[in-house]
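Residues per chain are reported as follows:
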Amino acid sequence: MEKVTVRFAPSPTGPLHIGGARSALFNYLEARHTGGRFIVRIEDTDLERSKREFEDEIIQSLKWLGLDWDEGIVVGGENGPYRQTERLEIYQQYVRKLLEEDQAYYCFCTEEELEKEREQQMAADGLVRYSGKCSHLSREEVQKRIAAGEKPAVRLRVPPGKQLEVHDYVRGDVRFDTDTMGDFIIVKNDGIPVYNFAVVLDDVLMGVTLVMRAEEHLSNTPRQLLIYQALGFPTPAFAHVSLILGSDHQKMSKRHGATSVMAYREMGYLPEAVFNFLALLGWSPEGEQEIMTQEEIIAQFDVNRVSKSPAVFDLNKLNYINQQHIKRLSLEEFKRRMRPYLENSEFSEDIKTLSEEKYSVLAQALKDRLVCLADVKDQARVFLRRQEPEKEAQELLAIPENQAMLKTFAEEFSAFDFQEAAEIKSFIKKFIKNHQLNAKNVYMPLRSALTGVTHGPDLPWLILFWDKQETLDRIWTALE
RNA sequence: GGCCCCUUGGUCAAGCGGUUAAGACAUCGCCCUUUCACGGCGGUAACAGCGGUUCGAAUCCGCUAGGGGUCACCA
């Protein structure tokens, strides 16, 4: 595969959502795989909805995911600026050219007029396109109306009866007929170019060779093709990636649950897991390995293996992938990543005063049990708090034999010194053997006495965490 | 409604004219185990339908059905 120049061009009208992140990711992967260039630029021509804080959040999200870019917003580059509102003069030159060549014309129609026209067409034959009302205004008339203070938009003349072909890496060749579209607006009456026009110019001027984006843009592509042609620019290759759907097979939206990348961070998903999961949504590697590092995915990624059909976002799978990535973390790394989730919980104070050793014990006990890092909030409770025994635990503690066993255990345990979980495990084992008991009849009452519940992390870890005194104290308390 | 795209198990998906139609998640069962997890083993489960083309179709073509996208002075 030859080197590509690709780009991700979000509009800062909201947080980066899963779908956008996947588009960004695929572009990034293709660039890194081929040794090409990845550009990130901001499409903020919608003045009403664009917000700087969204731009910041999007950038943060991309970075969190582990993406970086060679050129664009934040990092700069020779083809800047990288915010469309800062490129207005550039666009103007080309609009002027198109106007002079009569490939485009001024349109004075009002939104109300156009709205009405569309409604009528929809009711009639369903063929919605601009009537061409302003396409033959004389130069004089145009001058007069502009002088009178009217603010026109600019439309591109669409040649009738022309076939347009989009060569698409994932769809194959898709054909469109210009007869199904009318002259469309390229500059709004406030002088700001419309997305379709600005993207083309940006892509050309920045040397983009492959336009990879969501499938919803496929039907926009013929319009963009027309702009490339009018301007005399060569067209890039395209790749329209299918959408990500919710469980009801509708385009994923808020009502399907969390949609923003940041929300997944807050829930305790690892960036490398989200990276891995998103890569697998619409793309599959050649081998059977699914849990992969960023490097492994880059090495294998290929646009030609991108799927045509839309994919349903499956939280179960994300959970699994996240769990796998947590398991693969080194203990030190895990400790580092888990910390903020604990510090932002009700255990904030406990964690701050906890010794490094204790924190390490906690981490080892929990590491392979978590689906999400945020789960530590629940899982840590048993270590850090005491709770009233639940029903099942109470029942176990009410049995006389269990009480007697616990008393003996406490006595022997008070004479036992330990430093590692393994030592505690063998101590319990020996205890069971010496008293000719069966394991379950020791462990379950002991667990009940110590934690008040009948399931949870391995007992030796809990005991090691508490140390001798706290452990004994818990047993005696339970026996009362 | 016009145009365009899509259709392999519940989900992600491999497959690119000849396969017992992979694998993963989920689910179910068994094993491991003090418990819950983890891990191991195994089971259930799919080519939307109909017509072609072909010695042979999940794979190629057509139609039908279903789903989706888009028809903005949003991107």
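All figures in this text were calculated on a predicted structure; none of them were measured in a lab.

Visitor: What's the story with the protein's contact with RNA strand B in this structure? I'm lost.
Guide: Near RNA strand B there are 65 residues, and of these Cys-109, Lys-188, Gln-250, Arg-369 and Asp-458 occur at the shortest range. Atoms of RNA strand B within 4 Å of the protein belong to the sugar or the phosphate in 72% of instances, the rest to bases. The separation between a sugar or linking oxygen of RNA strand B and a polar main-chain atom of Val-128 is 3.3 Å. Take Leu-459: an N or O atom from its main chain is 3.5 Å from a base oxygen of RNA strand B. Tallying contributions element by element places helix 11 (residues 315-328) first for the surface near RNA strand B, with 6 residues.

Visitor: What am I meant to see in the packing of helix 17 (residues 391-398) against helix 18 (residues 400-414) here?
Guide: Between two packed helices, the angle of one axis relative to the other and the distance separating the axes together describe the packing. For the pair helix 17 and helix 18, interaxial distance at closest approach is 5 Å and the crossing angle is 80 degrees. Considered as vectors, helix 17 and helix 18 are oriented roughly perpendicular to each other. Residue-level inspection shows Leu-396, Leu-397 and Ala-398 of helix 17 in contact with helix 18, the latter providing Pro-400, Asn-402, Gln-403 and Leu-406. Among the residues making up the contact of helix 17 with helix 18, the classes are represented as 5 nonpolar, 2 polar and no charged.

Visitor: Got a minute to help me understand the layout of surface pockets in this structure?
Guide: Estimates place the volume of the largest pocket at around 1,200 Å³. Along the walls of the largest pocket sit 39 residues, with Ser-11, Thr-13, His-17, Glu-216 and His-217 positioned nearest its centre. Elements represented by at least two residues in the lining of the largest pocket include exactly strand 1 (5-8), helix 1 (18-34) and strand 9 (210-214). Among the elements that make up the lining of the largest pocket, the one with the highest residue count is helix 1 (6 residues). For the lining of the largest pocket, a count of residues per class yields 14 nonpolar, 15 polar and 10 charged. Together, 39 residues line the second largest pocket, and Arg-118, Arg-155, Phe-184, Ile-185 and Val-194 are the ones closest to its centre. For the lining of the second largest pocket, the secondary-structure elements that each account for two or more residues are helix 4 (111-124), strand 5 (153-156), strand 7 (172-177), strand 8 (184-187), helix 6 (195-205) and helix 7 (221-231). With 5 residues, the single largest contributor to the lining of the second largest pocket is helix 4. Counted by class, the lining of the second largest pocket contains 16 nonpolar, 8 polar and 15 charged residues.

Visitor: Looking at this structure, how should I read the pattern of salt bridges?
Guide: Side chains that differ in sign of charge can pair as their charged atoms come close. Within this structure, the stated rule accounts for 36 salt bridges. Asp-203 is the partner of Arg-7 in a salt bridge, and the nearest nitrogen-oxygen pair spans 2.6 Å. With Arg-7 in strand 1 and Asp-203 in helix 6, this residue pair connects regions lying 196 residues apart in the sequence. The exposure classification of Arg-7 matches that of Asp-203, with both residues buried. Glu-215 is the salt-bridge partner of Arg-171, the closest N and O atoms lying 3.8 Å from each other. Remark: Glu-215 occurs in the loop between strand 9 and helix 7 and Arg-171 occurs in the loop between strand 6 (163-168) and strand 7; sequence separation between them is 44 residues.

Visitor: Could you clarify how one ought to interpret the sheet that holds strand 4 (residues 104-107) in this entry?
Guide: To summarise the sheet geometry, strands pair through backbone hydrogen bonds and adopt either a parallel or an antiparallel arrangement. Read across the sheet, 3 strands follow the order 4-5-8 without closing on themselves; strand pairing throughout is antiparallel. The open sheet has two free edges, formed respectively by strand 4 and strand 8, since each of these has just one partner strand. Within this sheet the neighbouring strands show an average axis-to-axis angle of 45 degrees, counted without direction. The sheet contact formed by strand 5 and strand 8 spans 3 bridges and is antiparallel. Opposite Val-154, over in strand 8, you have Val-187 as the bridge partner.

Visitor: Whenever I open this one, unusual backbone geometry confuses me. Can you help?
Guide: Negative phi is the rule for most residues except glycine; trans is the rule for most peptide bonds. With omega at 0 degrees, the peptide bond leading from Gly-80 into Pro-81 counts as cis. Turning to its location among the elements, Pro-81 is positioned in the loop between strand 3 (71-72) and helix 3 (88-100). With a phi angle near 70 degrees, Val-74 is a residue other than glycine that sits in the positive phi range. Phi is positive for His-249, close to 65 degrees, though the residue is something other than glycine. The topology assignment puts His-249 in the loop between strand 11 (244-245) and helix 8 (261-266).

Visitor: Would you explain the domain arrangement of chain A in this entry?
Guide: Note: interface size is frequently given as the accessible area lost on complex formation between the parts. Looking at the assigned domains, one finds that chain A contains domain 1 (87-241) and domain 2 (331-479). On a C-alpha basis, the centres of domain 1 and domain 2 stand 68 Å from each other.

Visitor: Sorry if this is basic, but what is going on with the side chain of Gln-84 here?
Guide: Structurally, Gln-84 is set in the loop between strand 3 and helix 3. The class for Gln-84 is buried, based on a relative accessible area of 0%. A distance of 2.9 Å separates polar atoms of two side chains, one belonging to Gln-84 and the other to Asp-202. Contacts of Gln-84, omitting those with residues within four sequence positions, involve Ile-42, Glu-43, Asp-44, Thr-45, Tyr-91, Ala-198, Val-199 and Asp-202.

Visitor: It is not clear to me how the sheet that holds strand 3 should be interpreted in this structure. Could you clarify?
Guide: Within the open sheet, the 3 strands sit side by side as 1-2-3. Their pairing is parallel. Looking at which strands have only one partner, the edges of the open sheet turn out to be strand 1 and strand 3. By the bridge criterion, 2 bridges tie strand 2 (residues 37-40) to strand 3 in an arrangement that is parallel. From the neighbouring strand, Val-40 faces strand 3, where its bridge partner is Gly-72.

Visitor: Would you take a moment to explain the packing of helix 14 (residues 356-366) against helix 21 (residues 459-479) for this structure?
Guide: Running from N to C, helix 14 and helix 21 cross one another at 165 degrees; their axes reach a closest spacing of 9 Å. The angle between helix 14 and helix 21 falls in the class roughly antiparallel. Note on packing geometry: the crossing formed by helix 14 with helix 21 is left-handed. Touching Lys-358, Val-361, Leu-362, Gln-364 and Ala-365 of helix 14 are Trp-461, Leu-464, Phe-465, Trp-466 and Asp-467, all from helix 21.

Conventions used here
- Residues numbered from 1 in each chain as written.
- Chains lettered and ligands numbered in written order.
- Predicted model: local features only at pLDDT ≥ 70, side-chain atom pairs only at ≥ 80, totals over all residues.
- Heavy atoms only, no water.
- Near = heavy atom within 4 Å.
- Polar contact = N/O pair within 3.5 Å; in protein donor to acceptor, adjacent residues only side chain to side chain.
- Helix = DSSP H or I, 4+ residues; strand = E, 2+ residues; numbered from the N terminus.
- Axes fitted to C-alpha atoms, helices over the stretch in contact; angles between N-to-C directions.
- Parallel < 35°, antiparallel > 145°, perpendicular 65-115°, else oblique.
- Contact = heavy atoms within 4.5 Å.
- Nonpolar A, V, L, I, M, F, W, Y, C, P; charged D, E, K, R; others polar.
- 1 Å grid on protein atoms, 1.4 Å probe; cavity = no way out; pocket = protein on both sides within 12 Å on 5 of 7 lines; lining within 4 Å.
- Points joined across faces, edges and corners; volume = space filled by probe spheres on them.
- Salt bridge = Lys/Arg side-chain N within 4 Å of Asp/Glu carboxyl O.
- Buried < 20%, exposed > 50% of the residue type's maximum accessible area, 1.4 Å probe, protein only.
- Pairing = 2+ DSSP bridges.
- Domains from an automatic or database assignment.
- Left-handed = near helix turned anticlockwise from the far one by under 90°.

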